[in-house]
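Single-letter residue listing:
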Amino acid sequence: MKFPILILLSILLASCGASVAVDYDQQVDFSKYNSYNYFPNIDSGLNALDDNRIIKITDSLLQQRGFIKSETPLIYVNFYARESISNSRNTIGIGIGSGGGNVGVGVSGGIPIGGNVLNQKLTMDFIDVEKDDLVWQAIAEGEMKERATPQQKEAYYFSVIQKILSKYPPKTK
């Protein structure tokens, strides 16, 4: 029951969701990577709850795609985030105006609603374990409410990581 709710929430969040940019090594054969684990010293800049959400969601999505979590992986997954807080861009407009004789005067303003917004840039790296080289990187930029509930955070991360992993493996020419 929990998974369909996550999918529904992620669809709602996806409509105004994150944008994802990808970079990768064009010389790498990505079809050889079938096992993964996490970089030994992840310093994501997030709290432990968000780290665990990201790991759980990434595990689920990678394993759905046939990847195996292994103690001897071919790639390490690393992630980190940069966050900033801004005022909501949603406003209620108020205006006063008058006019006459081909002359008009008006004053208007907006009152912010919805509280502060957390702007997040989440970076996910795939590192070739054998070569110790970064081979693929995705950067997702999105936003959620500063005071998001645990369910909203989980839905947000599900949506963002799903978008990130939809770009892997890269489409080669």
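Residues numbered from 1 in each chain as written. Predicted model: local features only at pLDDT ≥ 70, side-chain atom pairs only at ≥ 80, totals over all residues. Heavy atoms only, no water.

Caption draft 1: Structural detail: the environment of A21. Relative to the helices and strands, A21 resides in strand β1 (residues 19-24). The spacing of A21 and T123 is 102 residues in sequence and 9.6 Å in space, taken between C-alpha atoms. Residues in contact with A21, not counting those within four places in the same chain, are Q137, A138 and I139. (Helix = DSSP H or I, 4+ residues; strand = E, 2+ residues; numbered from the N terminus. Contact = heavy atoms within 4.5 Å.)

Caption draft 2: Structural context of the side chain of Q137. Relative to the elements of secondary structure, Q137 occurs in strand β8 (residues 133-145). At 2.9 Å, the side chain of Q137 and the side chain of D125 are in polar contact. The contact partners of Q137, leaving out residues within four places of it in the chain, are A21, V22, D23, Y80, T123, M124 and D125. (Polar contact = N/O pair within 3.5 Å; in protein donor to acceptor, adjacent residues only side chain to side chain.)

Caption draft 3: Inspection of the nonpolar core at higher detail. One finds L122, F126, W136, Y157, I161, I164 and L165 to be the most contacted residues of the largest nonpolar core, which totals 35 residues. Considering each element in turn, this core owes the most residues, seven residues, to helix α3 (residues 150-165). (Core = buried A, V, L, I, M, F, W, Y, C linked by side-chain atoms within 4.5 Å. Buried < 20%, exposed > 50% of the residue type's maximum accessible area, 1.4 Å probe, protein only.)

Caption draft 4: Summary view of the packing of aromatic side chains. Going through the model one piece at a time under the given rule, you end up with 10 aromatic pairs. Consider the rings of F30 and Y168, whose centres lie 5.6 Å apart with planes at 90°: the pair is edge-to-face. Of this pair, F30 sits in the loop between β1 and β2 (35-38) while Y168 is found in the segment after α3, placing the two residues 138 residues apart along the sequence. When the centroid spacing of 4.8 Å and the interplanar angle of 65° are considered together, the rings of F126 and Y168 count as edge-to-face. With F126 in strand β7 (residues 116-128) and Y168 in the segment after α3, the pair connects residues that are 42 residues apart, well separated along the chain. Exposure class is identical for F126 and Y168. Each is buried. (Phe/Tyr/Trp six-rings, centres within 6.5 Å; stacked < 30°, edge-to-face > 60°.)

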